[in-house]
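Summary of the model geometry
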Amino acid sequence: MNMELTELTRALSAIPGPSGFESPVSEYIAEYVRPFADDVKIDVMGTLLAWKRCGKTGAKTVLLDAHMDEVGFIVTAVEEGGFLKFSTLGGIDARILPALEVKVLSEDGPLFGVIGTMPPHALKAGDSDKAVDADDLYIDVGLSQEEAEKRVPPGTPAVYAAGCDTMAGGRLCGKSLDDRVCAAIQVKAFEDLCGRDLNVDLCLMISTQEEVGGRGAVTGAWGADPDYAIVSDVTFDKGTDGKSVATVLGKGAAIAVGPNMNTAMTRELVRLAEEKGIPYQIEVCPGRSGTNAEEIQISRLGVATALVSLPIRYMHTPIECALPEDMESVRRLVAEYVASMEA
């Protein structure tokens, strides 16, 4: 089932897996890595852990992490007329929700739905200039109240109903690139490294529930007990997200610098990128990185941790955008770092 990086990204993007409901994603990745990993397991939190051991006495363990969960929704009630009230799973801007298409993950199969909105003709003067509160919205799946109560009970999750398409210039655009694209990157780096003679034991961790607090990384890192970790997550594109300190699509892997990262690892990543001709840029993280690097760095007695991120546009929407060239830069840099490590 060997796939190219963009092909694997598309496959992972298509699988519904919001925070707390990631099992279809972990099962897919487990099947993908099983042919070349020494050991594969899914822990009690749903996090996938796969090992490739170098067989050398006293070898250190390096952890490669990305998270698999996507932002989404959870049904909280069925109201008169079959309308589904909901809350969000992870950070979603309520301004994008009216008239959005969603996929409700009922136990008897996914249901297409829309987040209802008032037509402009029915709005009061000035209402069209106001942001709608998510608490005032509902999902319409076309069922009666009785049918909806039977098929979509409270607790049913939902995700954006979107694919992963290619834009002009080759850019990928779709749902759940945060963080399926980095999950694909780490899986492909792991696959590459499994074919090399390494001086370290390697553990791939594709973790759960990052969008609601990094819980999968907390337990997964504790279980893996690594000496080093390289985390990969998406980060903001300066051109569209308006951050004063941010990265840019097309300029390569984003190597994070700051207190959440191990300085020696960061410097070596920069050195390797320059030596190997891998496009890179520096991302300054003066405080919290907002990634699993936070949880992994302070696991047990501490883990030397680096963060190599991928710039994307329109984070936490159904139209997240990433460049395949940047994706390949991150993959190459992670693989070259691990391959260069001494015993």
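Parameters at a glance
- Residues numbered from 1 in each chain as written.
- Predicted model: local features only at pLDDT ≥ 70, side-chain atom pairs only at ≥ 80, totals over all residues.
- Heavy atoms only, no water.
- Helix = DSSP H or I, 4+ residues; strand = E, 2+ residues; numbered from the N terminus.
- Rg over C-alpha atoms; globule rule 2.2 N^0.38 Å.
- Buried < 20%, exposed > 50% of the residue type's maximum accessible area, 1.4 Å probe, protein only.
- Patch = residues over 30% accessible without salt bridge, like charges linked within 9 Å, V, L, I, M, F, W, Y side chains within 5 Å.
- Areas by Shrake-Rupley, 256 points an atom, 1.4 Å probe, with all protein chains shown as cover.
- Salt bridge = Lys/Arg side-chain N within 4 Å of Asp/Glu carboxyl O.
- Expected span 1.5 Å × (residues − 1).
- Pairing = 2+ DSSP bridges.
- Core = buried A, V, L, I, M, F, W, Y, C linked by side-chain atoms within 4.5 Å.
- Contact = heavy atoms within 4.5 Å.
- pLDDT = per-residue confidence, 0-100.
- Axes fitted to C-alpha atoms, helices over the stretch in contact; angles between N-to-C directions.
- Parallel < 35°, antiparallel > 145°, perpendicular 65-115°, else oblique.
- Left-handed = near helix turned anticlockwise from the far one by under 90°.
- Nonpolar A, V, L, I, M, F, W, Y, C, P; charged D, E, K, R; others polar.
- Right-handed = clockwise from strand over helix to strand, strands pointing away.
- Domains from an automatic or database assignment.
- Buried area = accessible area lost by both parts, 1.4 Å probe.
- Polar contact = N/O pair within 3.5 Å; in protein donor to acceptor, adjacent residues only side chain to side chain.

**Overview of the overall build of the chain**
Looking only at helices and strands, the chain has nine helices and 18 strands in total. What you see for the chain is a C-alpha radius of gyration of 21 Å, in line with the 20 Å of a compact globule of 343 residues. Along the first, second and third principal axes, the C-alpha set of the chain runs to 70 × 40 × 35 Å. Within the chain, the proportion of its 343 residues that are buried is 53%.

**Some words on a nonpolar patch on the surface**
Residues Val-257, Ile-282 and Val-284 make up a contiguous nonpolar surface patch of roughly 220 Å² in combined accessible area. Inspection of the secondary structure assignment puts Val-284 in strand β16 (residues 280-284). Exposure remark for Val-284: the relative accessible area of 45% places this residue in the partly exposed category.

**Section: helix α4 (residues 177-194)**
For the α-helix, the turn length of 3.6 residues means that residues three or four positions removed from each other point alike. Compared with an ideal rise of 1.5 Å per residue, which puts 18 residues at 26 Å, α4 spans 25 Å between its outermost C-alpha atoms and is within 8% of the ideal. Counting buried positions along α4 gives 17 out of 18 residues, so the element sits mostly inside the fold.

**Some thoughts on the pairing of strand β17 (residues 304-312)**
Counted residue by residue, β17 has nine buried out of nine residues, so it is predominantly covered. Judged by which residues are buried, β17 turns out to be covered on both faces: Ala-304, Ala-306, Val-308, Leu-310 and Ile-312 on one side and Thr-305, Leu-307, Ser-309 and Pro-311 on the other are all buried. By the bridge criterion, four bridges tie strand β13 (residues 228-231) to β17 in an arrangement that is parallel. Directly across from Ala-229, in β17, lies its bridge partner Thr-305. Pairing of strand β14 (residues 234-236) with β17 involves three bridges; the strand directions are parallel.

**Section: the nonpolar core**
Counting residues in hydrophobic clusters, the biggest one holds 61 residues, and the most contacted among them are Val-33, Leu-64 and Phe-190. With 11 residues, α4 is the single largest residue contributor to this core. When residues no more than four places from it in sequence are discounted, the contact partners of Leu-64 are Gln-186, Ala-189, Phe-190, Leu-193, Leu-202, Cys-203, Leu-204, Met-205, Ile-230, Val-334 and Val-338. Ranked by size, the runner-up nonpolar core spans 22 residues in total, among them Phe-86, Leu-97, Ile-139 and Ala-148.

**What about the confidence of the model for the chain?**
Per-residue pLDDT for the chain averages 93, and the proportion of residues at 70 or more is 93%. Every residue in residues 119-123 scores below 50 in pLDDT, and together they form two contacts with partners more than four places removed in sequence or on other chains.

**Some thoughts on the packing of helix α2 (residues 23-33) against α4**
Packing of α2 against α4 leaves a shortest axis separation of 11 Å and a crossing angle of 20°. Here α2 lies roughly parallel to α4, going by the angle between them. Two packed elements cross with a definite hand, and for α2 against α4 that hand is right-handed. Here Val-25, Ile-29, Tyr-32 and Val-33 of α2 come into contact with α4, specifically with Arg-180, Val-187, Lys-188, Phe-190 and Glu-191. Classifying every residue of the contact of α2 with α4 gives six nonpolar, no polar and three charged.

**Observations concerning the pairing of strand β15 (residues 253-257)**
Counting buried residues along β15, four of its five residues qualify, which places the element largely inside the surrounding structure. Both β15 and β16 contribute to a ladder of five bridges, which runs parallel. By the bridge assignment for β16, Val-257 is matched with Val-284. Regarding the hand of the β-α-β motif, the stretch spanning β15, helix α7 (residues 263-276) and β16 is right-handed.

**Thoughts on the environment of Val-114**
Mapped onto the elements, Val-114 comes out in strand β7 (residues 109-115). The class of Val-114 is partly exposed, set by a relative accessible area of 29%. In the structure, Val-114 is positioned 32 residues away from Glu-146 in sequence and 19 Å away in space, judged by C-alpha atoms.

**Description of the domain arrangement of the chain**
A common way to report how large an interface is uses the accessible area buried once the components associate. For the chain, the domain assignment lists domain 1 (5-70 + 175-339) and domain 2 (72-160). Taking only C-alpha atoms into account, the centre of domain 1 sits 32 Å from that of domain 2. Between domain 1 and domain 2, the residue contacts involve 12 residues of the former and 13 residues of the latter. At the boundary of domain 1 with domain 2, total buried surface from both sides reaches about 980 Å², with 74% on carbon and sulfur atoms. Seen at the junction of domain 1 and domain 2, the total is zero salt bridges. Our count for the domain 1 to domain 2 interface comes out at two residue pairs in polar contact (both at pLDDT 80 or more). Class assignment for the residues of the side of domain 1 that touches domain 2 results in five nonpolar, four polar and three charged.

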